[in-house]
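In case you want the letters, here they are:
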Amino acid sequence: MDMMISNLQQQRQITEQLRREAAVKRIPVSQAIQDIIKYIRERELEDCLMVGFSSQKANPFREKSSCVVI
């Protein structure tokens, strides 16, 4: 009996998830691509991978200097 209740609860959860997914607003891929291109172009001057860093200290990926004690 417990197994039937558990299975029923699982099926209800799956059904609810499918309803949520069906309610998601969809757009054509061509429009999504255009939106992505627009987003990238609007922010490309802020992108450090595109324009670099203003200084080495601003670069979180720089090689750390090693300290050698003799």
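Keep in mind that this is a model prediction, so the values were computed, not measured.

A. Expanded view of the overall build of the protein. Along the protein, the regular secondary structure elements total 3 helices and 0 strands. The linear arrangement of helices and strands in the protein, starting from the amino end, is α-α-α. Its C-alpha atoms give the protein a radius of gyration of 26 Å, more than 25% over the compact-globule value 11 Å for 70 residues. Each principal axis of the C-alpha atoms in the protein carries an extent, and together these give about 75 × 45 × 10 Å. Burial analysis of the protein (70 residues in total) assigns 1% to the buried set. Looking at the protein as shown, the accessible area adds up to about 7300 Å², and 58% of this sits on carbon and sulfur atoms. Here the protein contributes 11 positively and 9 negatively charged side chains, and the mean placements of these two sets differ by 2 Å.

B. Main features of the environment of Gln10. Its place among the elements puts Gln10 in helix 1 (residues 2-22). For the pair Gln10 and Ser30, spaced 20 residues apart in sequence, the C-alpha to C-alpha distance is 36 Å.

C. Local environment of the pattern of salt bridges. Considering all chains together, one arrives at 3 salt bridges under this definition. Taking the shortest distance from any N to any O, the salt bridge between Glu42 and Lys38 comes out at 4.0 Å. Separated by 4 residues within a single helix, Glu42 and Lys38 lie in helix 2 (residues 29-43), roughly one turn from each other. Connected through shared salt-bridge partners, Lys38, Glu42 and Arg43 make up one network.

D. Summary view of the confidence of the model for the protein. A residue-level look at the protein finds 96% of positions with pLDDT of 70 or above and a mean pLDDT of 87. The least confident element of the protein, judged by mean pLDDT, is helix 3 (residues 48-51) at 79; the most confident is helix 2 at 96.

E. Region of interest: a nonpolar patch on the surface. A surface patch of nonpolar side chains, about 250 Å² in accessible area, is lined by Val29, Ile33 and Ile37. Assignment of secondary structure puts Ile33 in helix 2. Overall, the relative accessible area of 42% leaves Ile33 in the partly exposed class.

Thresholds applied
Residues numbered from 1 in each chain as written. Predicted model: local features only at pLDDT ≥ 70, side-chain atom pairs only at ≥ 80, totals over all residues. Heavy atoms only, no water. Helix = DSSP H or I, 4+ residues; strand = E, 2+ residues; numbered from the N terminus. Rg over C-alpha atoms; globule rule 2.2 N^0.38 Å. Buried < 20%, exposed > 50% of the residue type's maximum accessible area, 1.4 Å probe, protein only. Areas by Shrake-Rupley, 256 points an atom, 1.4 Å probe, with all protein chains shown as cover. Lys, Arg positive; Asp, Glu negative; His and termini not counted. Charge placed at Lys NZ, Arg CZ, Asp CG, Glu CD. Salt bridge = Lys/Arg side-chain N within 4 Å of Asp/Glu carboxyl O. pLDDT = per-residue confidence, 0-100. Patch = residues over 30% accessible without salt bridge, like charges linked within 9 Å, V, L, I, M, F, W, Y side chains within 5 Å.

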